[in-house]
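Coordinate analysis (summary)
Read off the chains here:
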Amino acid sequence: MSVRISAMSVLPPVRKDRVIAQLPQCFRKEAAFHTKEDFNSKVKTACQEQRTGTVGFKISKVIVVGDLAVGKTCLINRFCKDAFDKNYKATIGVDFEMERFEVLGVPFSLQLWDTAGQERFKCIASTYYRGAQIVIIAFDVTDIASLDHVRQWLEDALKENDPTAVQLFIVGTKKDLSSPAQYSQIEQDALKLAQEITAEYWAVSSLTGENVKEFFFRVASLAFETNVLAELEKSGPRQIGGIVRINSTPSNVNASTKKKQPNCCQ
Ligand SMILES: Nc1nc2c(ncn2[C@@H]2O[C@H](COP(=O)(O)OP(=O)(O)OP(=O)(O)O)[C@@H](O)[C@H]2O)c(=O)[nH]1
Ligand SMILES: [Mg+2]
């Protein structure tokens, strides 16, 4: 407890617009991590009673992958800096941003890794995939090829991570560029894919900001909820009563059986 107090007194308070008191809802019920309206009751009780263990000090790693120019950097910049650049500057290797939240009164941080989509930088970027709790695969809703490549990105990301420990999101970008008819067509395919690979689906626009904050709040909340449940499980059923597990095993068909390949940078 004393550690917690000193750590909190060193850090400035979390920004008011990063405080999460209610569970943000999913974007589409057909492809959601879960569709519950509220945080798990065990998680809420644990937070109220300050029994969240190490979660308050935890930094969860998020990697954002996907084809070049789909808008990964813009998505992160819209959320972290509320900025948008219409000029394309390829990410070379990786970049990262830290975002601090307060979820149900408990500090919680995400380390957002923005990776390169260009083939020639992919090899550097992939060395940073390891240790991700959350994998976000971005595709451009106006470019069906970028959706077709999602499975390959997933496979690459899961080579470096434990597939059963990863929470997966598919995010369609540049929603502002697509007509409602075009959008609903690609959404059908994206929802189908999300269901197949057990991912939660979102669609956003970094230009207008539509759904960007909602998306990252949802990511932070689900990551937090999973971490608190894991912490409660660690502290044992005798202490905390029965654990309600949320169904969080991304059963990826392609990647889970693959052997780790050596990274190549020829
Ligand atoms: N209209 C519109 N353009 C966008 C949006 N998001 C990104 N763009 C544009 O798409 C281009 C590529 O965006 P980036 O964010 O740099 O793409 P990236 O995925 O990071 O690309 P790499 O770093 O090469 O992998 C830029 O010209 C952006 O301005 C969006 O929501 N709407
Ligand atoms: Mg980029």
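Below or above, wherever it landed, is the structure these notes cover. (Residues numbered from 1 in each chain as written. Chains lettered and ligands numbered in written order. Predicted model: local features only at pLDDT ≥ 70, side-chain atom pairs only at ≥ 80, totals over all residues. Heavy atoms only, no water.)

What about the site of ligand 1?
Just so we agree on the cut-off: Any residue with a heavy atom lying within 4 Å of a molecule or strand is counted as near it. Here a polar contact is recorded for every N or O atom pair within 3.5 Å, except that within protein the pair must consist of a potential hydrogen donor and a potential acceptor, and residues adjacent in sequence are included only if both atoms are side-chain atoms. Only the protein chains shown count as cover for residues, and the accessible areas themselves come from Shrake-Rupley with a 1.4 Å probe. Cavities and pockets are found on a 1 Å grid laid over the protein atoms alone: a cavity is a set of points where a 1.4 Å probe fits but cannot escape, a pocket is an open set with protein on both sides within 12 Å along at least five of seven lines, and a lining residue has an atom within 4 Å of such a point. A pocket or cavity is taken to hold a molecule when more than half of that molecule's atoms are within 2 Å of the pocket's grid points. By the convention adopted, Pro, Cys, Tyr, Trp, Phe, Met, Ile, Leu, Val and Ala count as nonpolar, Lys, Arg, Asp and Glu as charged, and the other residues, Gly among them, as polar.
Of all residues adjacent to ligand 1, which total 23 residues, the nearest are K72, D85, Y88, G117 and D176. Between ligand 1 and C74, the relevant distance is 2.9 Å, taken from an oxygen atom to a main-chain nitrogen or oxygen of the residue. One of the side-chain nitrogen or oxygen atoms of K174 is found 3.1 Å away from an oxygen atom of ligand 1. Protein chains shield 92% of the accessible area of ligand 1, which is 660 Å² for the free molecule. Taken atom by atom, the bulk of ligand 1 overlaps the largest pocket. When the residues that make up the shell around ligand 1 are grouped by side-chain class, the tally is 10 nonpolar, seven polar and six charged.

Concerning the pattern of salt bridges
Condition: By convention in these notes, a salt bridge is any Lys or Arg side-chain nitrogen within 4 Å of a carboxyl oxygen on Asp or Glu. In this scheme, a residue with accessible area under 20% of its type's maximum is buried, one over 50% is exposed, and one in between is partly exposed, where area comes from a 1.4 Å probe on protein chains only. The numbering of helices and of strands both runs from the N terminus, where a helix is a DSSP run of H or I of at least 4 residues and a strand a run of E of at least 2.
For the structure on display, the rule yields 17 salt bridges. We note a salt bridge from D82 to R78, for which the minimum N-O separation is 2.9 Å. Take D82: its relative accessible area is 57%, and that puts it in the exposed class. Of the residues examined, R78 reaches a relative accessible area of 15% and is grouped as buried. Across the salt bridge formed by E97 and K81, the nearest N and O atoms sit 3.2 Å from each other. Residue E97 is located in strand β3 (residues 94–103), and its partner K81 is located in helix α3 (residues 72–81); the two are separated by 16 residues in the primary sequence. Note on K81: relative accessible area 48%, which makes it partly exposed. Several salt bridges converge on common partners, so that one network encompasses K122, D156 and K159.

Some remarks on the coordination of the magnesium ion (ligand 2)
Our working rule: Only nitrogen, oxygen and sulfur atoms within 2.8 Å of the metal, or 3.2 Å for Na, K and Ca, are treated as donors, and water is left out, so sites may look incomplete.
Around the magnesium ion (ligand 2), the protein supplies T73 (OG1) and T91 (OG1) as donor atoms, at distances of 2.0 Å. Placement of T73 in helix α3 and of T91 in the loop between α3 and β3 is noted, with a sequence separation of 18 residues between them. Residue classification places T91 among the buried residues on the basis of a relative accessible area of 12%.

Remarks on the sheet that holds strand β7 (residues 200–203)
Here is the rule: At least two DSSP bridges between two strands are needed for those strands to be called paired. Residue contacts are counted whenever heavy atoms from the two residues lie within 4.5 Å of one another. To define axes, lines are fitted to C-alpha atoms, for helices over the stretch in contact only, and angles between the resulting N-to-C directions are given on a 0 to 180 degree scale.
With respect to topology, seven strands assemble into an open sheet ordered β1-β3-β4-β2-β5-β6-β7, the strand pairing being mixed. If you trace the sheet from one side to the other, it starts and ends with β1 (19–20) and β7, each paired once. For strand β6 (residues 167–173) and β7, the ladder comprises four bridges, and the chain directions are parallel. Paired with I170 across the strands is Y201, a residue of β7. Against the sheet, α3 engages β2 (59–66), β3, β4 (106–115), β5 (134–140) and β6, with an angle of about 150° to β4. On top of the sheet, helix α8 (residues 212–234) reaches β1, β2, β3, β4, β5, β6 and β7; it is set at about 120° to β4, its chief contact.

Some details on the packing of helix α6 (residues 150–159) against helix α7 (residues 180–197)
We apply this condition: Here is the rule for angles: anything less than 35 degrees is roughly parallel, anything more than 145 is roughly antiparallel, 65 through 115 is roughly perpendicular, and the remaining ranges are oblique. Each crossing gets its hand from how the near helix is turned against the far one by less than a right angle, where anticlockwise is left-handed and clockwise is right-handed.
One way to put it is that α6 packs onto α7 with a least axis distance of 11 Å and a crossing angle of 25°. Here α6 lies roughly parallel to α7, going by the angle between them. Like other packed secondary-structure pairs, α6 and α7 cross with a definite hand, here right-handed. Contacts between α6 and α7 involve V150, R151 and L154 from the former and L193, E196 and I197 from the latter. Class assignment of the residues belonging to the contact of α6 with α7 gives a composition of four nonpolar, no polar and two charged.

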